[in-house]
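Results of the structural survey
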Amino acid sequence: MPDGVGNLTQDSTALIDQVGVMDVRRIKLYIGRVSSETLKDVKRLLIELIEEC
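These figures come from a predicted structure and were not determined experimentally.

**Topic: the overall build of the protein**
- A tally of regular secondary structure across the protein gives one helix and zero strands.
- Taken over the C-alpha trace, the protein has a radius of gyration of 13 Å; the compact-globule value for 53 residues is 10 Å, which it surpasses by more than 25%.
- In terms of its C-alpha atoms, the protein occupies a principal-axis envelope of roughly 35 × 25 × 20 Å.
- In the protein, which comprises 53 residues, the share counted as buried stands at 6%.
- Counting every atom, the protein has about 5100 Å² of accessible surface; 56% of that belongs to carbon and sulfur.
- Taking the average location of the 7 positive side-chain charges in the protein and that of its 9 negative ones, the two points are 12 Å from each other.

The structure is reproduced here in structure tokens:
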């Protein structure tokens, strides 16, 4: 994701192959938000990754 999206301060990459289970109660700080289009892309890629297993 490019700098500025979701309050990012530099270009960043979502490492969806490193996603694990996490309890939302452990989240202490929200950095920002992504667009619904970006969220759709991440969800689609996660589904593709899961289907490959």
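Alright, that's what it looks like, and here's the rest.
**Describing a nonpolar patch on the surface**
- Together, M22, V24, I27 and Y30 give the surface a local cluster of nonpolar side chains, amounting to about 450 Å² of exposed area.
- Within the fold, M22 resides in the segment before α1 (36–52).

**Brief notes about unusual backbone geometry**
- A positive phi is found at N7, a non-glycine position, where the angle reads about 70°.
- Relative to the assigned elements, N7 resides in the segment before α1.
- Residue classification places N7 among the exposed positions, given a relative accessible area of 56%.

**Re the environment of R33**
- Relative to the elements of secondary structure, R33 occurs in the segment before α1.
- Sequence-wise, R33 and V5 are 28 residues apart; in three dimensions their C-alpha atoms are separated by 7.7 Å.
- For R33, the residues in contact, after removing those within four places along its chain, are V5 and G6.

Calculation rules
Residues numbered from 1 in each chain as written. Predicted model: local features only at pLDDT ≥ 70, side-chain atom pairs only at ≥ 80, totals over all residues. Heavy atoms only, no water. Helix = DSSP H or I, 4+ residues; strand = E, 2+ residues; numbered from the N terminus. Rg over C-alpha atoms; globule rule 2.2 N^0.38 Å. Buried < 20%, exposed > 50% of the residue type's maximum accessible area, 1.4 Å probe, protein only. Areas by Shrake-Rupley, 256 points an atom, 1.4 Å probe, with all protein chains shown as cover. Lys, Arg positive; Asp, Glu negative; His and termini not counted. Charge placed at Lys NZ, Arg CZ, Asp CG, Glu CD. Patch = residues over 30% accessible without salt bridge, like charges linked within 9 Å, V, L, I, M, F, W, Y side chains within 5 Å. Salt bridge = Lys/Arg side-chain N within 4 Å of Asp/Glu carboxyl O. Contact = heavy atoms within 4.5 Å.

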